[in-house]
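Here is what each chain is made of, one letter per residue.
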Amino acid sequence: MTAQLTDARWRDLIQRHLDGIASHQEVKTLSSQLESCSETRLLYLRMQHIHASLLTDDFDEQPIGSTEQRVLELISHLEQTKLTLQTRRQLLTVTSIAAAIFLMVSIWFILSNRSADIIEVTKIQGSVRWTGDGGNVIEDLRAGQRLTGGTLETTSVDSLALLTFHDGTTVSTAGNSAVTVAGNGQKKLHLRSGVLSADVQRQPKKQPMLVLTPTARLEVIGTRFDIVANADGAKLSVREGLVRAVRTSDGQSVSVPAGHSTIATTDVENELRSRSHNEAIHAWTANLVQDHKPGEGEYVSAMLALRLRIRDALTNGKLTRQQIPSVYGPQLAAATEADGELKAQPKQIKQGKFGNLIHIASLYVNRNQPKSIVLTEKSIFRVQGTVAVKSEIHIGIGAFGTTRAGAGRFLTSHTVVGDFDLKIPVAQLQAFRGRGSNGSPVGMELFSWFCFTSNPKSELSISAVTLTPALD
Amino acid sequence: MEAERHEEFTRLLIQHEPELLRCILVAVPNRTDARDIMQECSVSLWSKFSGYDSDRNFVPWALGFVRIEIRRFLRKSTHRTQLTERAASLLLEEQRTFAADLDARQLHLQTCIDQLSERQKQVVDGYYRMETSVDELAQRTGQTVDAIYKSLQRIRHALHDCVDSRMRTAK
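Residues numbered from 1 in each chain as written. Chains lettered and ligands numbered in written order. Predicted model: local features only at pLDDT ≥ 70, side-chain atom pairs only at ≥ 80, totals over all residues.

Participant: Before we go on, may I ask you to explain the nonpolar core in this structure?
Facilitator: Across soluble globular proteins, nonpolar side chains show a tendency to be buried alongside one another. Ranked by size, the top nonpolar core spans 85 residues in total, and within it Ile227, Leu236, Val243 and Cys451 of chain A carry the most contacts. Broken down by element, this core gets its largest block of residues, nine residues, from strand 21 (residues 380–400) of chain A. Mapping this core onto the domain boundaries places at least three of its residues in each of domain 3 (121–277) and domain 4 (284–301 + 340–468) of chain A. Those residues in contact with Leu236 of chain A, other than ones at most four positions away along the chain, are Leu218, Phe225, Ile227, Val243, Ala245, Val256, Ser261 and Thr262 of chain A. Met38, Leu45, Leu109 and Ile155 of chain B belong to the second-largest nonpolar core, a separate cluster that totals 52 residues. (Core = buried A, V, L, I, M, F, W, Y, C linked by C-beta atoms within 7 Å. Buried ≥ 20, exposed ≤ 12 C-beta atoms within 10 Å, placed from the backbone. Helix = DSSP H or I, 4+ residues; strand = E, 2+ residues; numbered from the N terminus. Domains from an automatic or database assignment. Contact = placed C-beta atoms within 7 Å.)

Participant: Please explain the interface of chain A and chain B as it appears in this structure.
Facilitator: It is common to give the size of an interface as the accessible area lost on bringing the parts into contact. Each side of the interface is counted separately: chain A has 57 residues, and chain B has 51 residues. Put simply, the parts of the chain that give the side of chain A that touches chain B at least two residues each are helix 1 (7–18), helix 2 (24–36), helix 3 (38–55), helix 4 (57–61), helix 5 (67–86), helix 6 (94–112), strand 12 (242–247) and strand 13 (253–257) of chain A. Per-element accounting of the side of chain A that touches chain B gives the leading share, 14 residues, to helix 3 of chain A. Of the residues assigned to the side of chain A that touches chain B, the class counts are 26 nonpolar, 17 polar and 14 charged. (Nonpolar A, V, L, I, M, F, W, Y, C, P; charged D, E, K, R; others polar.)

Participant: Sorry, what's going on with the environment of Tyr127 of chain B here?
Facilitator: Residues and elements named next belong to chain B. With respect to the element layout, Tyr127 can be found in helix 6 (residues 118–129). Residue Tyr127 is classed as buried on the basis of its 22 C-beta neighbours within 10 Å. Each C-alpha atom, one on Tyr127 and one on Leu137, is 7.6 Å from the other, the two residues being 10 residues apart in sequence. Residue contacts for Tyr127: discarding those within four places in its chain leaves Thr132, Val134, Leu137 and Leu152.

Participant: What is the right way to look at the environment of Ile395 of chain A in this model?
Facilitator: All names here are of chain A. If you trace the backbone, Ile395 turns up in strand 21. Among the residues examined, Ile395 registers 22 C-beta atoms within 10 Å and is labelled buried. Once the C-alpha coordinates of Ile395 and Ala361 are considered, the two residues, 34 residues apart in sequence, prove to be 9.7 Å apart.

Participant: Help me understand the pairing of strand 10 (residues 224–229) of chain A, please; the structure alone is not making it clear to me.
Facilitator: Two faces belong to every sheet, and in a regular strand the side chains alternate between them. Residues and elements named next belong to chain A. Most of strand 10 is tucked away, with six of its six residues classed as buried. Side chains Arg224, Asp226 and Val228 project from strand 10 onto one buried face, and the interleaved Phe225, Ile227 and Ala229 project onto a second face that is buried too. Inspection of the sheet shows strand 7 (residues 188–199) paired to strand 10 by six bridges, in the antiparallel sense. Looking across to strand 10, one finds that Gly194 is bridged to Ala229. Pairing geometry for strand 10 and strand 11 (residues 233–240), over six bridges, is antiparallel. Of the residues in strand 11, the one forming a bridge with Val228 is Lys235. Linking strand 10 to strand 11, which pair antiparallel, is a turn of three residues. (Pairing = 2+ DSSP bridges.)

Structure representation (structure tokens):
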């Protein structure tokens with residue numbers, strides 16, 4: 001046997017070695033080849049990986065969270081090995097045996113006393129509600145609190161919750177999001193709506209962490225990713241590792257590696273694809289009809305908005321019926337073809353720097369478009385709208401992280417009166433809430449936009465939002 | 001304080017044992033041998049745990065002990081022919097280099113296993129999950145021992161090609 005064997009022959013030889021049936025000479029030849037050829041080493045690693053994965057299946061099958069079974073298994077291994085070791089007892093010191101027994105007892109004692117909680121609250125901001133599996137509701141979650149399964153709702157624009165599983169896996173959710181957490185062995189998260197960022201420790205391959213949304217299922221072995229979802233679709237953006245996304249409607253799946261994203265909607269006509277963030281675009285124009293978030297802004301057509309404005313002017317005595325044609329004539333004519341506007345809706349939030357009642361209009365950004373919108377240093381938001389009285393408005397965005405940072409929220413504030421047309425360089429947006437928010441959203445992927453005010457008399461409405469790569 | 005260290009060690013060991021075992025299997029593919037090494041490592045890790053800095057990643061620290069135990073095993077192993085220490089060492093190094101590639105392959109592997117025929121799944125279940133010996137599998141199925149080995153090799157070959165193909169498609 002020589003080093004001139006073909007790949008197929010090397011593969012056969014590697015397999016014989018893995019099965020323990022290669023001859024002494026064959027193993028010697030294989031070792032020599034492995035020492036000198038990196039391609040054979042890669043081939044060996046790939047073949048061995050299949051062998052090892054199948055072999056360690058029993059190790060991975062037991063969920064890390066299922067502590068008692070896991071401990072029994074470990075003790076069983078220890079005992080089996082102890083029997084093997086009896087044949088070569090002289091190699092083990094008394095100290096080692098004592099340590100092994102001490103370890104077994106410690107493991108059993110510690111884990112048998114562990115409670116059934118599956119997650120720990122690491123950080124809480126703003127208004128957050130936890131409904132446990134038993135139906136008990138907790139509205140004053142605190143860091144350090146341990147929880148069993150249940151549903152977490154971050155109920156306002158300034159809300160944030162960061163949770164940590166026993167194995168160090170962290171998930172965070174912000175804004176208006178609802179996620180149900182279950183972790184009896186296999187971790188399962190049901191993201192009904194909103195945004196979720198996860199930093200997942202390596203999971204048993206037979207029991208990957210599952211993230212379920214109304215339109216997609218994600219299978220996660222160990223990775224970092226962000227997902228935003230609602231009833232119509234889910235957009236996944238992977239920062240590290242690999243996530244398998246399955247479209248619920250037709251079962252089509254795609255593997256999404258780091259630096260890529262995918263969108264799963266109920267529409268099965270489009271192929272489910274993983275797209276590189278390098279294919280990102282840097283411009284966006286909001287479609288107020290399709291993109292607004294339910295409960296955070298009411299879309300009204302231009303005609304209806306104008307009629308409401310005229311009605312208010314008439315009611316307030318600022319306008320007479322005779323003046324309507326002269327004051328609003330051109331606008332009425334144009335309104336039939338004009339875009340509508342998004343009227344901010346009132347929303348209760350936890351008492352904080354913005355009070356406990358805000359009026360907010362929110363948009364999903366390019367939810368159903370496959371390409372990511374990435375913010376650059378020169379990105380400019382143009383925001384047009386109107387307020388009835390002088391008001392301070394707060395304009396913000398939610399952005400997915402990069403490999404360096406998780407999802408975050410960014411905000412800027414302006415005082416406006418009447419119709420306004422603001423041009424906001426992205427540098428003006430400062431970190432507001434969120435894990436990994438590092439001051440600037442440059443380089444991050446835009447997923448939501450919002451504008452709110454605490455002034456109850458503002459009658460804030462938004463007529464256009466665009467993002468351009470730079471000023472014209 | 002001592003109890004906390006026990007709990008920390010237990011948690012880390014349970015969490016990372018599969019990863020450490022897979023590492024051992026790179027150099028020592030026989031499952032019984034690999035588990036023996038894993039056990040020796042567990043004892044070593046516990047005895048040295050007082051020197052472990054909790055701020056550091058556990059796996060790289062533990063892998064140092066794994067390598068020592070593998071080397072010790074390869075030197076003394078007489079009942080089975082093993083790879084040379086140098087070949088094993090290079091494989092362990094490159095396993096880290098190709099970790100991302102292997103992780104990606106892992107994700108496709110389950111899909112490929114699902115695509116195996118029922119007969120192939122029975123062989124995999126028998127040999128890998130039930131840990132039935134090849135001799136016994138041969139007796140049960142009325143095949144020769146050589147045929148069972150060939151069967152296992154064909155299955156792994158098919159899985160390798162399937163994962164390759166899915167990796168290419170994913171790109």
